[in-house]
Amino acid sequence: MIMEQIQQIMRECGRIMLEADRSHADIETKGRSNNLVTRYDKAVQQVLQTKLLELAPEAHFVGEEEDVHDSIASGKAFIVDPIDGTANFVKDYKGSVISVAMTQDGQLELGLVYNPYLDELFTAQRGKGAFCNGKPIHVSNQPLEAGLTLYGSASYYPELIDDSFRLLRKAFDRSMDIRRSGSAAWDLCCIAAGRAELFFELRLYPWDHAAGTLLVREAGGTVTRVEGGDVSLSSPCSVLAAGSCVDTSFLRE
Ligand code: IPD
Ligand code: CA
Ligand code: CA
């Protein structure tokens, strides 16, 4: 029931994105000059915060914008990225999504990602599989040699760029080709749906990957840190996601 209600809220947020007037987006920068925020990021987060908390008033709320960073350690919590792919959104590149995860006592329970441009809604519930527009999805069973590597450039962190490109080169040499979408949540949907075989980025926040992490796992794939070990839902970390037949050890050599 809550799953359907969240989907409705996300579709409503998708309409805000599609109808946005980019000439009045009030673009600001956060930290580095390539880390952007628009009034639409804030507006979508406001709708998510209000409406998700109407569904579960007791829940904690973590959202990328406006510094809403509650603890998710106990009870129910929502972790949301109102627009993942803000640079794409500003450029009208049509490659941004809305990401909503729900946790219980720090464990992922629900993961939803909505791409309003393709009208694709990805949903996963712990132990119940992953779906795209209601149809079951599975990760790819192809090896990397016959696969695509999706890559996030961690572009807000200059100290990671050399390492990032070093790993990308290794992955490029082992894959059919590479792709950079500009939205980590979307990349994880593509891994979950078997559209690509490998994804990595050296630093992501929980709102970038929480929903996508559950989607990939429920679709039969793996999500860990690049260096190994589980991803964190309370602090930034690297993220490595893969289909069922990809040997990722070369990234740690
Ligand atoms: C970013 C996107 C991008 C990834 C960055 C993220 P934002 O999120 O997911 O693909 O490379 O690391 O921060 O800022 O567009 O919400
Ligand atoms: Ca993001
Ligand atoms: Ca964002």
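Residues numbered from 1 in each chain as written. Chains lettered and ligands numbered in written order. Predicted model: local features only at pLDDT ≥ 70, side-chain atom pairs only at ≥ 80, totals over all residues. Heavy atoms only, no water.

Undergrad: Looking at this structure, I do not really get the coordination of the calcium ion (ligand 3). What am I missing?
TA: Each pair of donors in an ideal octahedron of six around a metal sits at 90 or 180 degrees, and each pair in an ideal tetrahedron of four sits at 109.5 degrees. Of the protein atoms, only Glu 64 (OE), Asp 81 (OD) and Ile 83 (O) coordinate the calcium ion (ligand 3), at distances of 2.2 to 2.4 Å. Within one chain, the residues donating to the calcium ion (ligand 3) are spaced in sequence as E-x16-D-x1-I. Between the two metals, the calcium ion (ligand 3) and the calcium ion (ligand 2), the spacing is 3.6 Å, and Asp 81 donates to both. Overall, Asp 81 belongs to the buried group, its relative accessible area being 0%. Accessibility expressed as a relative area gives 1% for Ile 83, which makes it buried. (Donors = N, O, S within 2.8 Å, 3.2 Å for Na, K, Ca; no water. Buried < 20%, exposed > 50% of the residue type's maximum accessible area, 1.4 Å probe, protein only.)

Undergrad: Please explain the site of ligand 1 as it appears in this structure.
TA: Contacts to ligand 1 come from 14 residues, most closely from Asp 84, Gly 85, Thr 86, Tyr 156 and Glu 201. Within the backbone of Ile 83, a nitrogen or oxygen atom sits 3.3 Å from an oxygen atom of ligand 1. Here ligand 1, which alone exposes 370 Å², has 96% of that area covered by the protein. Comparing atom positions with the cavity grids shows ligand 1 to sit within the largest pocket. (Near = heavy atom within 4 Å. Polar contact = N/O pair within 3.5 Å; in protein donor to acceptor, adjacent residues only side chain to side chain. Areas by Shrake-Rupley, 256 points an atom, 1.4 Å probe, with all protein chains shown as cover. 1 Å grid on protein atoms, 1.4 Å probe; cavity = no way out; pocket = protein on both sides within 12 Å on 5 of 7 lines; lining within 4 Å. Sits in = over half its atoms within 2 Å of the grid points.)

Undergrad: Honestly, the pattern of salt bridges in this entry has me stumped. Any pointers?
TA: Side chains that differ in sign of charge can pair as their charged atoms come close. As enumerated under the stated definition, the model contains 15 salt bridges in all. Here Glu 65 ties to Lys 30 by a salt bridge, and the two come within 3.1 Å at their closest N and O atoms. With Glu 65 in the loop between β3 (60–63) and β4 (68–69) and Lys 30 in the loop between β1 (28–29) and β2 (36–37), the pair connects residues that are 35 residues apart, well separated along the chain. Judged by relative accessible area, Glu 65 falls into the buried class, the value being 3%. Arg 195 is paired through a salt bridge with Glu 120; the nearest N and O atoms lie 2.9 Å apart. Here Arg 195 is found in the loop between α5 (184–192) and β13 (198–204), whereas its partner Glu 120 is found in strand β8 (residues 120–125), with 75 residues between them in sequence. Looking at Arg 195, the relative accessible area reads 37%, which means it is partly exposed. Salt bridges linked by common partners bring Arg 22, Asp 92 and Lys 94 together as one network. (Salt bridge = Lys/Arg side-chain N within 4 Å of Asp/Glu carboxyl O. Helix = DSSP H or I, 4+ residues; strand = E, 2+ residues; numbered from the N terminus.)

Undergrad: Can you help me understand the layout of surface pockets in this one?
TA: One simple way to see leftover space: roll a probe sized like a water molecule over the atoms. Of the pockets and cavities examined, the largest pocket occupies roughly 600 Å³. Broken down by secondary-structure element, the contributors of at least two residues to the lining of the largest pocket are β5 (76–84), α3 (86–91), β13 and α6 (206–218). For the lining of the largest pocket, a count of residues per class yields ten nonpolar, nine polar and eleven charged. (Points joined across faces, edges and corners; volume = space filled by probe spheres on them. Nonpolar A, V, L, I, M, F, W, Y, C, P; charged D, E, K, R; others polar.)

Undergrad: Looking at this structure, how should I read the sheet that holds β13?
TA: Two modes of strand pairing occur in sheets, parallel and antiparallel, and in both the strands are linked by backbone hydrogen bonds. Ordered by their spatial adjacency, five strands build an open sheet running β12-β11-β13-β15-β14, and the pairing between neighbours is mixed. The open sheet has two edge strands, β12 (177–179) and β14 (222–224), and neither has a second partner. Averaged over neighbouring strand pairs, the angle between their axes works out to 15° when direction is ignored. Inspection of the sheet shows strand β11 (residues 148–151) paired to β13 by three bridges, in the parallel sense. Bridging from a neighbouring strand, Thr 149 pairs with Leu 198 of β13. Contacting β11, β12 and β13, helix α4 (residues 161–174) runs over the sheet at an angle of about 175° to β13. (Pairing = 2+ DSSP bridges. Axes fitted to C-alpha atoms, helices over the stretch in contact; angles between N-to-C directions. Contact = heavy atoms within 4.5 Å.)

Undergrad: Looking at this structure, how should I read the pairing of β8?
TA: Remember that side chains alternate between the two faces of the sheet whenever the strand is regular. In terms of burial, β8 is a largely internal element, five of the six residues being buried. One ladder, built from six bridges, connects strand β7 (residues 107–115) with β8; its direction is antiparallel. If you follow Tyr 114 over to β8, its bridge partner there is Leu 121. Where β7 hands over to β8, the hairpin turn is made up of four residues, of which Asp 119 adopts a positive phi near 50°. Pairing between β8 and strand β9 (residues 130–132): three bridges, direction antiparallel. Looking at the pairing, Phe 122 lines up with Cys 132 of β9.

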